[in-house]
Amino acid sequence: MILNSQIDEFLKNFTPTLKINSPGRINLIGEHTDYNLGYVLPSAIDKSIIFQFSRNSNASKCNIFSEDFDQLFTFDLSDVQKGELMWANYLLGVVYGIHQHTDKLEGFDCILKSNLPIGSGLSSSAALECGLAFGLNELFNLELSKLEIIQISQKAEHDFVGTKCGIMDQYASVMSEKGNALLLDCRSVQHENVPINLEPYQLVLLNTNVSHNLASSEYNTRRNECAEGVDILKKKLPNISSLRDVTLDDLNVFHDFLPKKILKRCQFVVEENDRVLKTKEALKNNNLNKFGRLLNESHQGLSKKYEVSCEELDFLHDYGNSKPYILGSRMMGGGFGGCTINLIHKDHMKDYIPEVSKAYKEKFNLDLGVIPVNLSSGTTII
Ligand code: GAF
């Protein structure tokens, strides 16, 4: 156990030499397509975790203090294992992964502070992982590429946290460029920037402030269901290796071979991939009405076919959908809680926000979080 006096001592002696801004992300569209090797359209946002680092004089002792949890976590590089402290596991996974690459790591001290709401689908986990990997890379001149930082971070989440996430969150957190979304092809792991100009609309996240504990287990279940779909379809379509290779025509022809639930999952993924590409075109042509319709279709698919929404998210989607000045709205991220992303006319924000907040409070007795977001740069030294 770490005593308060030890925290005070640590803080007193800490002199940072490096400061990193590690952002969360939004996803415009393309949900649950990343681990099916399809397309996504995310971007880093102007909400982040700030890391401060310094080397310490010890060869292997590391100290990480979270200002948000007011907890100091200490470990030795010779014994990196996952433990009880959840936020520390994301970080330990990264240290473990870096250790596999290089023996150049030595003792370090780190302080982190976040203005990203945790567990709200804004990928505070990817921001934690990537911020540490990026910072250690700089601190010890490890010469990791950005892609290696992303992959080490993703693996940390698989192995030390247990969520078999795709690559979207870590990629967006590290690679984004201000004012752009990334059209990421998760099969080739290459992206193109899509400049985003939504005037006179604003992207606003509405945070349900719920995080149903199904999220992690159901996430892995969806991943397995998609893999099952691919295994069955392979018997008819031997050249496919993921749902990325499957078309709606294929699903129409072979739907009898798939259990009903698996068919729905596959349909959603194939349709969602198509929506990402259509969204890119709509944004290029400044067709915001079309973008809004695609957001709404995405929500319907996530709710009815992929079944990863929840009452609170559906309520916010339906509420937004009834307003002519909201072009589109959908749940964002893995599901079962977190935020909706909404495209709202700026002139109507001041009326809509109090109205929807009141309705949400009446229905669920919960406060609604309101987070206007701007598309920002990926991880940087500040
Ligand atoms: C979570 C995962 F971490 C991502 O990889 C992605 O699959 C997303 O859910 C759903 O699109 O954020």
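Residues numbered from 1 in each chain as written. Predicted model: local features only at pLDDT ≥ 70, side-chain atom pairs only at ≥ 80, totals over all residues.

In the annotation of an unreviewed UniProt entry, the entry for the protein chain reads Galactokinase, and the organism field reads Namhaeicola litoreus. Entered under Sequence similarities (unreviewed entry) in the UniProt record, the comment concerning the protein chain runs "Belongs to the GHMP kinase family. GalK subfamily." (UniProt positions renumbered as here; feature names shortened; annotations may be inferred.)

(A) Examining the overall build of the protein chain more closely. Tallying secondary structure elements over the protein chain gives eleven helices and 14 strands in all. On C-alpha atoms alone, the protein chain measures out to a radius of gyration of 21 Å, which is about the 21 Å that the 2.2 N^0.38 rule sets for 382 residues. For the protein chain, the proportion of its 382 residues judged to be buried stands at 45%. A separation of at least 24 residues holds for 72% of the contacts in the protein chain among residues at least 6 apart in sequence. (Helix = DSSP H or I, 4+ residues; strand = E, 2+ residues; numbered from the N terminus. Rg over C-alpha atoms; globule rule 2.2 N^0.38 Å. Buried ≥ 20, exposed ≤ 12 C-beta atoms within 10 Å, placed from the backbone. Contact = placed C-beta atoms within 7 Å.)

(B) Region of the structure containing the sheet that holds strand β10 (residues 326-331). Pairing within the open sheet is antiparallel, and its four strands lie in the order β10-β11-β9-β12. With partners counted over all chains shown, the strands left at the sheet margins are β10 and β12 (369-372), one partner each. Between one strand and the next, the sheet's axes are offset by a mean angle of 20°, whatever the strand orientation. Where strand β9 (residues 201-211) meets strand β11 (residues 337-345), eight bridges bridge the pair, whose relative direction is antiparallel. The residue bridging L205 from the neighbouring strand is I341, located in β11. This element, helix α9 (residues 288-305), spans β9, β10 and β11 of the sheet and lies at about 30° to β10. (Pairing = 2+ DSSP bridges. Axes fitted to C-alpha atoms, helices over the stretch in contact; angles between N-to-C directions.)

(C) Region of interest: the nonpolar core. Counting residues in hydrophobic clusters, the biggest one holds 94 residues, and the most contacted among them are L91, V94 and A133. Sort the elements by how many residues they give to this core and helix α3 (residues 124-139) lands first, with eight residues. Filtering out sequence-adjacent residues up to four positions away, L91 remains in contact with I64, L128 and L132. (Core = buried A, V, L, I, M, F, W, Y, C linked by C-beta atoms within 7 Å.)

(D) The arrangement of the pairing of strand β6 (residues 108-114) in detail. Buried residues dominate β6, accounting for six of its seven residues. In terms of strand pairing, strand β3 (residues 42-55) meets β6 through seven bridges, oriented antiparallel. Among the inter-strand pairings, F53 is bridged to a residue of β6, identified as C110. Two strands pair when backbone bridges link them, and strand β4 (residues 61-66) and β6 are joined in this way by four bridges, in the parallel orientation. Across the sheet, the residue bridging to N63 is D109, located in β6.

(E) How the structure looks around the packing of helix α2 (residues 86-101) against helix α4 (residues 146-161). At their nearest, the axes of α2 and α4 sit 8 Å apart, and the two run at 120° to each other. Between α2 and α4, the angle falls in the class oblique. Of the two possible hands of crossing, α2 and α4 adopt the one that is right-handed. The residues of α4 that touch α2, namely those facing N89, Y90, L92, G93, V94, Y96, G97 and I98, are I152, S153, K155, A156, E157, D159, F160 and V161. Tallied by class, residues from the contact of α2 with α4 come to nine nonpolar, four polar and three charged. (Parallel < 35°, antiparallel > 145°, perpendicular 65-115°, else oblique. Left-handed = near helix turned anticlockwise from the far one by under 90°. Nonpolar A, V, L, I, M, F, W, Y, C, P; charged D, E, K, R; others polar.)

(F) Representation of the site of the ligand within the structure. As a matter of local geometry, the ligand sits amid E31, H32, D34, Y35, S123, C165, G166, M168, D169, G333 and G334. Broken down by class, the residue content of the shell around the ligand amounts to three nonpolar, five polar and three charged. (Near = placed C-beta within 6 Å.)

(G) Region of interest: unusual backbone geometry. A cis amide bond, omega 0°, links E199 with the succeeding residue P200. In this structure, H32 is a non-glycine residue whose phi angle is positive, near 60°. Of note, H32 is situated in the loop between β1 (18-27) and β2 (39-40). For V189, which is not a glycine, the phi torsion comes out positive at approximately 55°.

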